[in-house]
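Each chain, letter by letter, is given below.
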Amino acid sequence: MTNLILFGPPGSGKGTQAAGLIDKYQLVHISTGDLFRYEMGNNTPLGLKAKAYMAEGRLVPDEVTIGMLRNKVEAHPEASGFIFDGFPRTIPQAEALDQLLAGMNTGISGLIALEVDEEEIVKRILKRGESSGRPDDNDEAIIRKRIDVYKNETSPVFDFYAASGKSHSIPGVGSVADIFDRLCATIDGL
Ligand code: AMP
């Protein structure tokens, strides 16, 4: 199996790039942000639990997020691999993911971080907010909060996988096609 973590701050282009990668590598895409938005849109108990955290730009608690992720992975026994987008965002999430994959006799093939500087991210997310319908994309204070959460709680996940030589980073600026080519070159070298 090929199991990739697409990593990087909010607005770094993970979702955009994942769309191309799933086609090329025939992987199942799991975006925890998309899953939470789907649950919220359907007013499910899970969606209701996540709602306030998302609106404030904070992380949904690990036990809620990990349970949802596990269900989604287990729903795809046929998968030849996964692209995890927006997960793991904390060390406990990374540990839970490794444990889940180990139980399937597989593991993370690599983590690839898209590097984009903070002011570019804020600009991109505000632009996306014009059409995304996401309340957390429309408020600069919330966007900056999400970036702080990334720096404080999520960036240690890069070091967690770096310890086993699995973390890579590439510039996340330039055209979508150029970034895609950089990603593919990194994946093909894993
Ligand atoms: P995203 O679409 O990845 O930017 O995620 C939007 C929001 O969903 C985040 O700001 C969090 O509130 C929540 N979320 C998504 N993924 C996770 C995760 N792995 N852990 C905790 N919260 C998450």
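Structure first, text after, so check above.
Small disclaimer: the values here were computed from a predicted structure and weren't measured.

Peer 1: Where do I start with the packing of helix 2 (residues 32-41) against helix 3 (residues 45-56) in this structure?
Peer 2: Packed helices, taken two at a time, are described by the angle their axes make and the gap between the axes. Packing of helix 2 against helix 3 leaves a shortest axis separation of 8 Å and a crossing angle of 115°. Crossing of helix 2 against helix 3: the hand is left-handed. In contact with Gly 33, Phe 36, Arg 37, Glu 39 and Met 40 of helix 2, helix 3 contributes Leu 46, Gly 47, Ala 50, Lys 51 and Met 54.

Peer 1: Mind showing me how you'd approach the pattern of salt bridges here?
Peer 2: Close approach of charged atoms allows side chains of opposite charge to pair. Inspection of the entire model under this criterion finds 14 salt bridges. For the salt bridge of Lys 127 with Glu 130, the shortest nitrogen-to-oxygen distance reads 3.3 Å. With Lys 127 and Glu 130 both in helix 6 (residues 118-132) and three residues apart, this pair spans about one turn of that helix. Each member of the pair, Lys 127 as well as Glu 130, is classed as exposed. With a closest N to O distance of 3.7 Å, Arg 134 and Asp 137 form a salt bridge. Given the relative accessible area of 0%, Asp 137 is considered buried.

Peer 1: What should I look at first to understand the sheet that holds strand 4 (residues 110-115) in this one?
Peer 2: Sheet strands associate in pairs through backbone hydrogen bonding, adopting either a parallel or an antiparallel arrangement. In spatial order, the strands read 2-3-1-4-5; together these five strands make up an open sheet with parallel pairing. Of all strands in the sheet, those with a lone pairing partner are strand 2 (28-31) and strand 5 (167-171), marking the two edges. Looking at each pair of strands side by side, their axes are set apart by 20° on average, direction ignored. Inspection of the sheet shows strand 2 paired to strand 3 (residues 81-85) by four bridges, in the parallel sense. Looking across to strand 3, one finds that Ile 30 is bridged to Phe 84. Relative to strand 3, helix 1 (residues 14-25) is tilted by about 170°, and along the sheet it contacts strand 1 (2-7), strand 2, strand 3 and strand 4.

Quick notes on the rules
Each residue is numbered by its place in its chain's sequence as written, counting from 1. At least 70 in pLDDT is required for a residue's local features to be given in this predicted model, at least 80 for side-chain atom pairs to be given and counted, and no such filter applies to totals for whole chains, interfaces and linings, which use all residues. The side-chain figures draw on all heavy atoms in the structure; neither hydrogens nor water molecules are used. To get an axis, a line is fitted to the C-alpha atoms, and for a helix only the part in contact is used. The angle between two axes follows their N-to-C directions and goes from 0 to 180 degrees. The helix count covers DSSP runs of H or I at least four residues long, the strand count covers runs of E at least two residues long, and both are numbered beginning at the N terminus. We call a crossing left-handed when the near helix sits turned anticlockwise from the far one by less than a right angle, and right-handed when that turn is clockwise. By definition in these notes, contact holds between two residues if any of their heavy atoms fall within 4.5 Å. The term salt bridge refers to a pairing of a side-chain nitrogen on Lys or Arg with a carboxyl oxygen on Asp or Glu at a separation within 4 Å. For the exposure calls, accessible area comes from a 1.4 Å probe over protein chains only, and a residue counts as buried if that area is under 20% of its type's maximum, exposed if over 50%, partly exposed in between. Pairing between strands requires that DSSP locate at least two bridges from one strand to the other.

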